[in-house]
Each structure stands twice: as C-alpha cells, then as structure tokens.
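# Residue-level structure breakdown
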Amino acid sequence: MAGLVPLALPAIAAKAHARNDVTGAVAHAFSRWGWSRATFPIAGQSWTADIDALAVRKGGGKYARIDRTSVKYPPRRQQPFRHRLRAMCATLVRVEIARATGALRIAKAYSVLECGTALVPEIVLGQAQGGFAMGVGYALHETLPPYESGPGNGQWNLGDYLIARGSDLPLHDLEIEVLPPVAPDEPPKGIAEVVMIPVVPALLNAIFDATAAASNRCR
C-alpha cells in the first residue's frame, strides 16, 4: 500500500501469536482425476475447498481438526489406472551444515519402498537410487529461469543447469530397503517418481531442523 511501511514477516508472525490467531494449517487432498471437496466453518462462515480435511493451529498451540460439514469424492469410474497398484515410499535424511559458510552435506539417507512383487529387484534398487539423486537435485541444485533468461535463449547446457553429482550424494551411506510383498500373490506396483517425491520434503525438514536448532543454541 503506497505510503505505508512494508510489514516484515517476523512482525506479522509475532502479532498473530500475540492475538492467538491462526499461525499454521495442515490440509489433506484426494484426487481421482478430480479433487475431493468439503465445506468447513471458518471464522463464522462456510468455506468450501478442494480438500477433505483441515486442521489449524492458533498461536503456539496444538493443531486442532476442523469438522467438515460435507464431503464429496470423485466417482470411482474416474479411476482408470488402478491407483491401488501404486507403490509407497518414505525417506529420512541426515544433513550437516557448516556454520561459517552454510555449505550443506548429506551425511546419511534411508529410503523404504513398498512396491509389491519386484519383477527385477536390481532395477527397483537402481530406480530408488536414481530417484534419490533426482530429489536432491530438485531440492538443492536445479534451477530453471523462464523465458530468455533460461534455456529459451538457446545457450544453456549442463554448465548452467546443475544436477546432483556423486559429490552431492551420500554414496556409501544411502540405504534403500525394499519391503517384501504383503501377500505371496501381491502384484507389482509402479514406482516411477514415487522414489523421489519424499526426498525433497525430507531434505527441507532436515535443513529446518538443523538451522532452527543452531539458532536456538545461539540465543
């Protein structure tokens, strides 16, 4: 707003905590070639959104689930690719961050994958390792400016688009655990991008945990 001093995020956060306003929200969404929808009572009004669960935190308190008044899910006929055959993956990482430079090193990582009956276990393991490297690249290195500032100028190559290299990965401290099938006749489940999706949030949470802990020790 013209003529007014910009509001700093710490000041806004401090005011929200002081007034016991909403300081955090967690939502759950479900897609089946269309999003689930639900209605929630927010500040005395009904709010409908493409989510089916919502919890909020006020001030420094705990998250509390908001009761939904109605929920609608897309019809099952919109599920042509059998999502029940999609694999599940979870990842944990340990990072070390240099105080003086902020340089980050991934010291250790662990991914667990449930993919049903693995037809070729070596390919599953390789896909999981490659997915981990891809997630590291997405989170820490790869950036792609749009338009003429990026590859649109025809001059870009791997010297500009930095992907994760061996020196960026915990080559000897990356553990991949492939869980056995739940049942002997469980069919194979597609792994595709599943093996890289949890890597990014795992890294971001590890970085936050490390830097927040260091900040608290300095106070």
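It should be noted that the structure appears before, not after, this text.
Residues numbered from 1 in each chain as written. Predicted model: local features only at pLDDT ≥ 70, side-chain atom pairs only at ≥ 80, totals over all residues. Heavy atoms only, no water.

For the coordinates displayed, the defined rule picks out 2 aromatic pairs. Here F30 and Y73 contribute two aromatic rings whose centre-to-centre distance is 5.8 Å and whose plane-to-plane angle is 75°, an arrangement assigned as edge-to-face. Of this pair, F30 sits in the loop between β1 (22-28) and β2 (37-42) while Y73 sits in the loop between β6 (70-72) and β7 (88-97), and the two are 43 residues apart along the sequence. With a relative accessible area of 42%, Y73 lands in the partly exposed category. (Phe/Tyr/Trp six-rings, centres within 6.5 Å; stacked < 30°, edge-to-face > 60°. Helix = DSSP H or I, 4+ residues; strand = E, 2+ residues; numbered from the N terminus. Buried < 20%, exposed > 50% of the residue type's maximum accessible area, 1.4 Å probe, protein only.)

To continue, consider the sheet that holds strand β5 (residues 64-65). Here 3 strands make up an open sheet; going across it, the order is β1-β4-β5 and the pairing antiparallel. In this open sheet, the two edge strands, each paired with only one partner strand, are β1 and β5. Both β1 and strand β4 (residues 53-58) contribute to a ladder of 6 bridges, which runs antiparallel. Bridging across to β4, V22 finds its partner in K58. (Pairing = 2+ DSSP bridges.)

As a further point, take unusual backbone geometry. Trans is the common state for peptide bonds, and a negative phi is the common state for residues other than glycine. Its identity as a non-glycine residue notwithstanding, N20 has a phi of 60°, on the positive side. Within the secondary structure, N20 sits in the loop between α1 (9-18) and β1. Despite not being glycine, A192 has its phi angle at roughly 35°, a positive value. With respect to the helices and strands, the residue A192 is situated in the loop between β9 (174-178) and α3 (199-218). A192 gets classed as partly exposed once you look at its relative accessible area, which sits at 44%.

For the rest of this paragraph, the subject is the pairing of β4. Bridge analysis of β4 against β5 gives 2 bridges, and the strand direction is antiparallel. Within the sheet, the bridge partner assigned to A55 lies in β5 and is R65. With antiparallel pairing between neighbouring strands as the criterion, β4 and β5 make up a hairpin whose turn holds 5 residues, including G59 at a positive phi of roughly 60°.

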